[in-house]
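This is what each chain is made of:
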Amino acid sequence: MEKFKTVVSTVVPLPISDVDTDQIIPARFLKATTRDGFGDNLFRDWRYNTDGTPKPDFVLNQSDYSGEILVAGKNFGSGSSREHAAWAIYDYGFKVVVSSFFADIFKNNSLNNGLLPVQVSEAFLQTIFSKVEEDKSIKLKVDLEAQTISIEGTDLEESFQIGAYKKTCLLNGYDDIDYILNNKDKILEYEKNSIKF
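Below or above, wherever it landed, is the structure these notes cover. Quick caveat, the model's predicted, so the values are computed rather than measured.

Conventions we followed
- The residue numbering used here restarts from 1 in each chain and proceeds along that chain's sequence as written.
- Reporting of local features is limited, given that this is a predicted model, to residues whose pLDDT is at least 70; pairs of side-chain atoms are given and counted only at 80 or more, and all residues count toward the totals for whole chains, interfaces and linings.
- Each side-chain value is derived from all of the structure's non-hydrogen atoms; neither hydrogens nor water enter the calculation.
- A pair of Phe, Tyr and Trp rings is counted when the ring centres sit within 6.5 Å of each other, with Trp represented by its six-membered ring. The angle between the planes then sorts it: under 30 degrees is stacked, over 60 is edge-to-face, the rest tilted.
- Labels follow the DSSP assignment, with helices taken as runs of H or I lasting at least four residues and strands as runs of E lasting at least two, numbered in each case from the N terminus.
- Think of it in three bands: with a 1.4 Å probe and only protein chains considered, a residue is buried below 20% of the maximum accessible area for its type, exposed above 50%, and partly exposed in between.
- Only when the NZ of Lys or the CZ of Arg is both within 6 Å of the ring centre and within 35 degrees of the ring normal is a charge said to sit over the ring.

**Re the packing of aromatic side chains**
When we look at a pair of aromatic rings, we describe it by the centre distance and by the angle of the planes.
In step 1: Inspection of every chain in the model, using the stated rule, returns eight aromatic pairs.
In step 2: With a centroid separation of 5.3 Å and 80 degrees between ring planes, the pair formed by Phe 76 and Phe 106 is classed as edge-to-face. Placement of the pair is Phe 76 in the loop between strand 2 (69–72) and helix 3 (84–92) and Phe 106 in helix 4 (residues 104–112), with a sequence separation of 30 residues.
In step 3: On the accessibility criterion, Phe 76 (0% relative accessible area) is buried.
In step 4: On the accessibility criterion, Phe 106 (2% relative accessible area) is buried.
In step 5: For the ring pair Phe 102 and Phe 106, a centre distance of 6.1 Å and an interplane angle of 20 degrees mean the geometry is stacked. Each of the two residues, Phe 102 as well as Phe 106, counts as buried.
In step 6: Lying across the ring of Tyr 90, Lys 95 places its NZ or CZ 4.8 Å from the centre.

Structure follows, in structure tokens:
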């Protein structure tokens, strides 16, 4: 995986609550076995008409909004446990998803695939939406090392939680196997010095 660095970016606002994984990536697109190309169908039924033409009122089709940070409403990623939802968001180009609550399975799938879910308070989430509505060019700064998210040009900032193991993996670009291989010498040393029965 790619190492996660501090992200400073404009945002794509999606102020909709209870977005489930079938809305993120509809089931009919789950036939592929690799992660590539899922971004093309991210929010497919919201983005496109049945004839394949873009719906101009959907945020991903509006040129005013772009960036590596998706800001979504409460309870993002609910529903079925499909890992493809995280693949689609990441493949589209997002590095961070911000919400006031994530479904646990979606959150874990995101962390396992290099996508950082940043959970903030409902008040801070609504402040972000308000600031973006006032100025579409406003940027957020997400600092994984410091575990903070801030609104650039203001003193507004919040901390967010992430497990130490997943934080280490994201910062170093490790998946679970990479992490184990990186600690191979420590594992071998432990085995060498452990008590034999």
